[in-house]
Structures are given as structure tokens and as C-alpha cells.
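Residues per chain, in single letters:
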Amino acid sequence: MKLIVFDCDGTLVDGQHMIIDAMQTACGACDVVYPGDEAVRQIVGLSLHQAIEVCHPAEAAVTHLALKDVFIERFQQLRLQKDYEEPLYDGVVDVLDQLNDKGYFLGIATGKSKRGLLSTLENHGLSDYFLTLNTADDGPGKPHPSMLHNAMKDVGVSPDQTWMIGDTTFDMEMARTAEVKAVGVSWGYHERAVLQQAGAHHILDHISDLHRVLEA
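Residues numbered from 1 in each chain as written. Predicted model: local features only at pLDDT ≥ 70, side-chain atom pairs only at ≥ 80, totals over all residues. Heavy atoms only, no water.

### A closer look at the packing of aromatic side chains
Phase 1: Overall, the coordinates contain four aromatic pairs when judged by the stated rule.
Phase 2: Ring centres 6.5 Å apart and planes at 75 degrees place the aromatic pair Phe6 and Phe130 in the edge-to-face group. In this pair, Phe6 sits in strand β1 (residues 3-6) while Phe130 sits in the loop between α6 (114-123) and β3 (132-134), placing the two residues 124 residues apart along the sequence. Comparing Phe6 with Phe130, the two get one shared label, buried.
Phase 3: Relative to Trp187, the ring of Tyr89 lies with its centre 6.4 Å away and its plane at 55 degrees, an arrangement referred to as tilted. Placement of Tyr89 in the loop between α4 (61-79) and α5 (92-101) and of Trp187 in the loop between β5 (181-185) and α9 (192-197) is noted, with a sequence separation of 98 residues between them. With respect to class, Tyr89 is no different from Trp187; both count as buried. (Phe/Tyr/Trp six-rings, centres within 6.5 Å; stacked < 30°, edge-to-face > 60°. Helix = DSSP H or I, 4+ residues; strand = E, 2+ residues; numbered from the N terminus. Buried < 20%, exposed > 50% of the residue type's maximum accessible area, 1.4 Å probe, protein only.)

### Here we look at the sheet that holds β3
Phase 1: Read from one edge to the other, the open sheet built from six strands follows the order β3-β2-β1-β4-β5-β6, with strand pairing classed as parallel. For this open sheet the edge positions go to β3 and β6 (202-204), each flanked by a neighbour on one side alone. Put simply, the sheet's adjacent strands are angled 20 degrees from each other on average, direction ignored.
Phase 2: Alignment of β1 against strand β2 (residues 105-109), held across four bridges, turns out to be parallel. Across the sheet, Val5 pairs through a bridge with Gly107, a residue of β2. (Pairing = 2+ DSSP bridges. Axes fitted to C-alpha atoms, helices over the stretch in contact; angles between N-to-C directions.)

Following this line, the structure appears as C-alpha cells:
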């Protein structure tokens, strides 16, 4: 049996619009210089507190906490809007259906909070696909390997039976540290070259290419 663990933002869904909006709002409310859209995209995948520290290294801890509070408040407001932007990437549902039909174990390892992840899965009708969910609420964030260790323990598989699918260097570094296969995706927030440098064993250009990689 194989366990396929997916990142969420940048891999299954394109959540950048809400993340950028919330960070802009937090910076404005806290009178902190907004670092720019590209800088924010580069920290997607980290836990929120880690991401804020990376974006604003010169700010004090109290400012980091204030930014986090406003970010969460704004993000939750956006989720209540009927037209909020967090679309699934093309082909995701078809591939999840096919993987389920073939008997693969499926999981998620994400920098989202548990609440945020559950909301995303419910909104897209994905709640029943995954046997193991690991979030920023469950322990150290990426690239620490604990989320993958927990996922493997949850379903009873070893590293050589496990694949991590993600769009960031944090995902690739986490996978390599956990000694599982690291599969990058080219449609997310980090460039192909940096994914390769971070240790990706494979890089997908479309999620449908995953079958070829798993069966190689």
C-alpha cells in the first residue's frame, strides 16, 4: 500500500488571493509595510506565525502577534463571503477519485489551521477522501517532518511507501527529512528550479501526471 500526502494551498487549491488580501489588511491595520504579493506567495505553506516572522523579521514579537490576529480575523471574514476565491486546480477531483479507486491511502499536510483545512475540504466536497489530516495546529510546521511522521503512523505505512506532493521548497525539505518521496508541482507558488534544488525527486506539470510517477 502507498500513502499519498498532499499539501493544500498551491497544490490542491489556489488560496493565494485570500492569503494576500488578509496579509495586506493585517499590515495596514498594524502600520507595517506590506512586503509585496510575491513575498507573501513565497511563505505559503508555513504555519501562519512562521510566515509572519519570515515576512517581517525586523518587527517585534508583539507586532507579529498583532499581525496574526488581524490576519485570522480578515481571513475568516473572507470565508463568509459567497464569492471568496479559493478554487480547486484543474483535474484534482478526477485524480483523487482514481487514487481512491486504486486503493491508495490519501492524506494532507498543510500550514493551514485545522479549522481552515476542514472548511476548505467541506466547501469543495473533499472531506471523505483523506484518512489523515495534519495541520499547523498539530505540532511543528514545515519543513519539520512531524506532519509526515504522524501521517505514516495514522495509516501504518513506512517512508518507502509514502509520497509527499507539494508546491513549495518547504514540502520538498519536509519530505526529504522524513525520507519519503518528494514530488513537486509546477502550478503552485515556488518555481521549478527551487523545487529541484530543495530535493524534489519528480516535478509534475499537471496533477494527472501523478499516476505515471507513482507507477514508475
